[in-house]
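# Observations on the three-dimensional arrangement
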Amino acid sequence: MTLEVSIAPCLEDNYLILARDVDSGQVATIDTPDADAILAHAKTLGWTITHVLNTHWHPDHAGGNAKIKEVTGAEIIGPAEVRRIAPLDREVGGGEVVKLGATQLDVLDVGGHTLGHIAYYAAAAEKAFVGDAIFALGCGRIFEGTPKQMWEGLQRLAALPDATEVFCAHEYTASNARFALSLDDDPTLVARTVEIFRRREQNLATVPTTIGLEKATNPFLRAVKLAPKLGVADQDPVAAFAAVRSAKDTFKG
Ligand code: ZN
Ligand code: FE
């Protein structure tokens, strides 16, 4: 079974993400940041959207649900919190399984950015769709959950195989890279940021990333190592993570 993915920028700094199970031809849009852009992109590819897979309730993730449903009749799957702003046909949570044709997607609980935030992991295709839980060199702001909840979700993602491609929902990588460099001079990170700045100057995407690359360079996954530079000697991973997260929240650069 093969899962093809096509991404394109939309809104200010979001990505629209379409995933197609090749054998069945079923197509999921991961979230619905901009219904018109998603429908137009699917049309260019000759793909017909059959599913919406929401990661969390924010308007730049579920705001296009109604329009996509109206135009395509797609089944909308996501966490219950989506109902706060948009239609939802089937509620799912961590530990459940979603099928796109023959492709199995495991639902992972990655709450913290919002309480019910989930990710979808296609083990056979080595791909994960993570919304705003983790970004290239970053992670989502903690709007609703606690640092502990967010950290546990990030650990669930970090436990996936290194080769897993990670499709995050925003292009925040250049600003994340500046923050990472303010704390860390690891050679792998430095080399990665050179490539990131080069790509962004040419307006090229830095998404997807991989779990292996994030484990090696993402300051939030490296929090225990980096927190002492913020004056937090505490080796408790949650405290270290919370320190790095709040440093990023106020970082100007
Ligand atoms: Zn969000
Ligand atoms: Fe978002």
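Right above here is the structure, for reference.
Residues numbered from 1 in each chain as written. Chains lettered and ligands numbered in written order. Predicted model: local features only at pLDDT ≥ 70, side-chain atom pairs only at ≥ 80, totals over all residues. Heavy atoms only, no water.

### Here we look at the coordination of the zinc ion (ligand 1)
Octahedral metals with six donors have ideal donor angles of 90 or 180 degrees. Tetrahedral metals with four donors have an ideal donor angle of 109.5 degrees. Around the zinc ion (ligand 1), the protein supplies His56 (NE2), His58 (ND1), His113 (NE2) and Asp132 (OD) as donor atoms, at distances of 2.2 to 2.3 Å. Considering all four donor atoms around the zinc ion (ligand 1), the spread of angles at the metal, 86 to 176°, places the coordination shape in the irregular class. Metal-to-metal, the separation of the zinc ion (ligand 1) and the iron ion (ligand 2) is 3.2 Å; Asp132 coordinates the two. Placement of His56 in the loop between β4 (49-53) and α2 (59-62) and of His113 in the loop between β8 (103-109) and β9 (118-122) is noted, with a sequence separation of 57 residues between them. We classify His56 as buried; its relative accessible area is 0%. (Donors = N, O, S within 2.8 Å, 3.2 Å for Na, K, Ca; no water. Tetrahedral: all angles 85-135°; square planar, octahedral: opposite > 155°, others 65-115°. Helix = DSSP H or I, 4+ residues; strand = E, 2+ residues; numbered from the N terminus. Buried < 20%, exposed > 50% of the residue type's maximum accessible area, 1.4 Å probe, protein only.)

### A few points about unusual backbone geometry
Put simply, Val207 and Pro208 share a cis peptide bond, and its omega is 5°. Position of Pro208 relative to the elements: it lies in the loop between α6 (187-201) and β14 (209-210). With phi around 65°, Leu137 is a residue other than glycine that occupies positive phi space. Along the chain, Leu137 turns up in the loop between β11 (134-135) and β12 (138-139). Leu137 gets classed as buried once you look at its relative accessible area, which sits at 0%.

### So, the pattern of salt bridges
Under the defined criterion, the tally for this structure stands at 14 salt bridges. Across the salt bridge formed by Asp36 and Lys67, the nearest N and O atoms sit 2.6 Å from each other. Of this pair, Asp36 sits in helix α1 (residues 35-45) while Lys67 sits in helix α3 (residues 65-72); the two residues are 31 residues apart in sequence, bridging distant segments of the chain. Taking relative accessible area as the criterion, Asp36 reaches 48% and is therefore assigned partly exposed. Three or more residues joined by partner-sharing salt bridges are found here, namely Arg141, Arg245 and Asp249. (Salt bridge = Lys/Arg side-chain N within 4 Å of Asp/Glu carboxyl O.)

### What to know about the packing of aromatic side chains
Under the defined criterion, the tally for this structure stands at six aromatic pairs. Plain terms: the ring middles of Phe179 and Phe251 are 5.2 Å apart, the flat faces sit at 70° to each other, and that makes the pair edge-to-face. Here Phe251 lies in the segment after α9 (237-249) and Phe179 lies in helix α5 (residues 173-183), a separation of 72 residues in the sequence. Exposure remark for Phe251: the relative accessible area of 28% places this residue in the partly exposed category. Here a set of aromatic residues connected by ring pairs shows up, and it is made of Trp151, Phe179, Phe220, Phe241 and Phe251. When the ring centre of Trp57 is taken as origin, the NZ or CZ atom of Arg84, which lies over that ring, is 4.0 Å away. (Phe/Tyr/Trp six-rings, centres within 6.5 Å; stacked < 30°, edge-to-face > 60°. Lys NZ or Arg CZ within 6 Å of the ring centre and 35° of its normal.)

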